[in-house]
Structure formats: C-alpha cells, structure tokens
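What follows is the residue order along each chain.
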Amino acid sequence: MNTFEEGLLLGILIGEGHFGGDGKQPQITLRMHTRHQALFETMLRLCPGSKLYGPYEHGGRSYFQWMARGQVLRETLLPLLDRLPLRDIDTHVYERYADMKERYHL
C-alpha cells in the first residue's frame, strides 16, 4: 500500500467506519450507499481478506456493507490505526477504537 492508499483507507475508516464486533470477534464495518461501489472495490483491493456484502435495500436506501475481521483486521488495519494519533484527531473515533480493542483483547 502506498502512502496515498494508506491515507485514503484511514480517512474513510475514521470518517465512516464502525469499530465493534459481533460478541465473538472484532470487526471494522463500513456501510455506504451503492453509488460508492468503486470505493468499496478499492477497499477490497487494499485489504485482501475483507468482505463486501450487498447491495441491500432497506428503508428506501440502497447500500453495501464492507467488513474487516480476523487476519486482515489484526495484521493490516490495527497496525495502521495504532500508528495514528487518533486521540488528537477525533476523540469519539479514538474511544470507539479503544473500546473495541479492550473488549476483544487486541
């Protein structure tokens, strides 16, 4: 991943990502309108092993859902996110990220 791709990935995750899990395993989820399909394809390319689900239709909205779990989360995304000064960039995102890491012993 080049510097631009890292910045793109991290910017999307900070702005739109959800840091959580299903109770058994941690995950980062990104849900956006289907018009962002090319961006989701980029996410899949940058994070091999991540998954794209959908398109879904709900409440008049059409969207995709991208998820990163397991190896891609631990080996690709966590090291990138851990290098950031998230606490200084966005306190809310930092708290959600830190909570995910604590709950899932990352």
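Structure: above.
Residues numbered from 1 in each chain as written. Predicted model: local features only at pLDDT ≥ 70, side-chain atom pairs only at ≥ 80, totals over all residues. Heavy atoms only, no water.

Draft legend 1. View of the packing of aromatic side chains. Scanning the entire structure with this criterion turns up three aromatic pairs. Aromatic side chains Phe19 and Tyr97 sit 5.6 Å apart centroid to centroid with 75° between the ring planes, which places their arrangement in the edge-to-face category. Here Tyr97 lies in helix α5 (residues 91-103) and Phe19 lies in strand β1 (residues 17-21), a separation of 78 residues in the sequence. Aromatic side chains Tyr56 and Tyr63 sit 5.5 Å apart centroid to centroid with 45° between the ring planes, which places their arrangement in the tilted category. Under the relative-accessibility criterion, Tyr63 is labelled buried at 11%. (Phe/Tyr/Trp six-rings, centres within 6.5 Å; stacked < 30°, edge-to-face > 60°. Helix = DSSP H or I, 4+ residues; strand = E, 2+ residues; numbered from the N terminus. Buried < 20%, exposed > 50% of the residue type's maximum accessible area, 1.4 Å probe, protein only.)

Draft legend 2. Examining the sheet that holds β1 more closely. If you trace the four strands from one edge of the open sheet to the other, you get β1-β2-β4-β3, paired in antiparallel fashion. Since the sheet does not close on itself, it has two edges, and those belong to β1 and β3 (51-58), each with one partner. Across the sheet, the axes of successive neighbouring strands diverge by a mean angle of 30°, strand direction being ignored. Note that β3 and strand β4 (residues 61-69) share six bridges and pair antiparallel. Its bridge partner being in β4, Tyr53 is matched across the sheet by Gln65. Together, β1, β2 (26-33) and β4 form the strand contacts of helix α3 (residues 70-83), whose direction differs from that of β4 by roughly 90°. Here α5 sits on the sheet in contact with β1 and β2, set at roughly 25° to β1. (Pairing = 2+ DSSP bridges. Axes fitted to C-alpha atoms, helices over the stretch in contact; angles between N-to-C directions. Contact = heavy atoms within 4.5 Å.)

Draft legend 3. Quick peek at the pairing of β4. Burial analysis of β4 places seven of its nine residues in the buried class, the great majority of the element. Where β2 meets β4, seven bridges bridge the pair, whose relative direction is antiparallel. Along β4, the bridge assignment pairs Met32 with Phe64. Counted along the chain from β3 to the antiparallel partner β4, the turn is two residues long, and its residue Gly59 has a positive phi close to 60°.

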